[in-house]
Structure formats: C-alpha cells, structure tokens
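Chains, contacts and geometry: an overview
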Amino acid sequence: MDSMTLFIMGLLAAIALMSLVWIFSVPLRDASLVDRVWGLGFIVVAFVWWLLAGTPATAWVMLVPVTLWGLRLSAHISWRNWGHGEDARYSAMREDRSDYAFAVRSLFTIFWLQGALVAVIGLPMLASVQGGSPLWTLVWLGWAVWLFGFVYESVADWQLARFKADPANRGKVMDRGLWHFSRHPNYFGEIVLWLGYGLIALAFGGWWALPSVALMIFLILRVSGVTLLDQHLSGSRPGYREYAQRTNALIPGPPRA
C-alpha cells in the first residue's frame, strides 16, 4: 500500500475516533473530551498504519515511544480535568448558540479538525512503519532525545500537580522545581520529544515528515500553548507578570535578577 493510501486510511481512523468521542460529548455538554483522547489518537493512527503496512518488525522503534507518550498524556489530561467540567475555551464557543448549533459546529471545528491534525502531525509515525532498515545511530539518538523530553515533561506535570494539590498554593504562581528555570517546562519537554520523533522518522528516510514536527512546535508555541497560556495567566494570576519578567518562557535557564 502506497504512502498516500496509508495516510488517507490513518486520517479516516482519526476522524472516526474523534466522531465517536463527539457522540459522547454532545449529551455531556463537554467538548473538552477531545483533549483527553488527543494522545490516544496518535496511538490509533500509528497502529492502523502499522497494520496496513504489513506489521514491519522495525516499526517498534516508533510504536513504543508513541504508545508510552500517548497513554501518559491522555491519562494526565483526564486526571487533571476530572470533575472540572468543560474547558473555558469551548464554553466560550458555546455561548449564544443553541446546543444543536454548537454540536454541529464542534464536530467540524473541534473534533474533526483535531482528527485531521493527528494524521498530519503524525506523519513521522507513517514514515517509521513502512518497513526498511533504519539508520540505527539516528534511531538511538532520536530515542535519547525523546526520552529526555518525555521525562522532562512528565516531571514538570507532576511538580505542577503537587503544587496545585496544596490548598496553601491557591492563587499563587508555580515557580519551583523545573518551573523555576522556565515558565513552560512541560511544553519544552513536549517540543524536545517531538524532535526525537523527527529524528526517528529521518532514520527511515522520512525527511518529508519533518514539516509535521515543525507544525506541532508552531502549535505549541503560538496557538494552543505558550502564547495563549501566557496571555491568560498574565491577566488572571497575581504575580505572573513579575514571574514572566525574570523567567525564560521555554528554554530552561537561570532566572534574571
């Protein structure tokens, strides 16, 4: 099966997954369910591509890290958002619309859009499941980069969760641990691990998948991650502006005086 056909089948699988989640979201009035399955979407697409490509043995070098990352991310977001209702981003979109109008709009602009993004951003997985002998030196380098990013992001999320769990920290700015060296260490780790995916794809000759890694980094930096969160916290969290002035946004470094 050629690459374009594989891509289309993965895209359809992602759309089907997101459509199923949408069905559950409508009666619950909670479009943020889509965030909980974001990581799982990459697992589904990667394994669909792997199966349709004939289950090449070398694909484990991508399937293992994708599975670990996707399960951790979906579990973390589900645990973090449990009992908190719909995310404010989606609630704002729901305002001044009937439930029917929002349901129809959310299917296209939230669920199917994220399904399409999963397939497009997941192209490094497609490059790695089509068989062939990879350049193993580049594979191990990609694994090392991915592992560093995965651990860094996981530790940052754990530190933030512990901070928020303490009632004494309510309303305060998290500036401890990895958060002492950058304002978004979790996003830094996420970007690093995606660079690892890019290296693994490159080991299989998948240079054409690298723009997908660049797209993911752009989304983290400018669309759904760093910029959006900085704007929100600067206007809602006392002390955040001062924290931002002395602390790097993304790349860890010593705080400025």
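All values derive from a computational prediction rather than experimental measurement.

**Here's the deal with the overall build of the chain**
Scanning the chain from terminus to terminus reveals 12 helices and 0 strands. From first element to last, N terminus to C terminus, the chain shows the α and β order α-α-α-α-α-α-α-α-α-α-α-α. A principal-axis box enclosing the C-alpha atoms of the chain has dimensions of 55 × 50 × 25 Å. Each of the 257 residues in the chain was classed as buried or not, and the buried ones make up 47%. Taking the contacts inside the chain whose residues are at least 6 apart along the sequence as the reference set, 80% of them involve residues at least 24 apart. Surface exposure of the chain reaches about 12,800 Å², of which carbon and sulfur atoms provide 69%. Averaging the locations of the 19 positively and 15 negatively charged side chains of the chain gives two centres separated by 6 Å.

**Concerning the nonpolar core**
With 69 residues, the main nonpolar core has F42, W69, M125, W194 and Y197 as its most contacted residues. Looking at which element gives the most residues to this core, the answer is helix 9 (residues 185–203), with 9 residues. With near-sequence residues (within four places) excluded, W69 lies in contact with W38, G39, F42, W146, F150, E153, E190, L193, W194 and Y197.

**Concerning the packing of aromatic side chains**
By convention here, two paired aromatic rings are described through the distance between centres and the angle between planes. Counted under the stated rule, the structure contains 16 aromatic pairs. Taken together, W60, W136, W140, W143, W146 and F150 form an aromatic cluster joined through their ring pairs.

**Quick word on the side chain of T58**
Positionally, T58 belongs in the loop between helix 3 (38–52) and helix 4 (60–81). Of note is the side chain of T58, whose polar atom sits 3.3 Å from the backbone oxygen of G132. Those residues within four positions of T58 in sequence are excluded, and the remaining contacts are G131, G132, P134, W136 and F204.

Scoring rules and cut-offs
- Residues numbered from 1 in each chain as written.
- Predicted model: local features only at pLDDT ≥ 70, side-chain atom pairs only at ≥ 80, totals over all residues.
- Heavy atoms only, no water.
- Helix = DSSP H or I, 4+ residues; strand = E, 2+ residues; numbered from the N terminus.
- Buried < 20%, exposed > 50% of the residue type's maximum accessible area, 1.4 Å probe, protein only.
- Contact = heavy atoms within 4.5 Å.
- Areas by Shrake-Rupley, 256 points an atom, 1.4 Å probe, with all protein chains shown as cover.
- Lys, Arg positive; Asp, Glu negative; His and termini not counted.
- Charge placed at Lys NZ, Arg CZ, Asp CG, Glu CD.
- Core = buried A, V, L, I, M, F, W, Y, C linked by side-chain atoms within 4.5 Å.
- Phe/Tyr/Trp six-rings, centres within 6.5 Å; stacked < 30°, edge-to-face > 60°.
- Polar contact = N/O pair within 3.5 Å; in protein donor to acceptor, adjacent residues only side chain to side chain.

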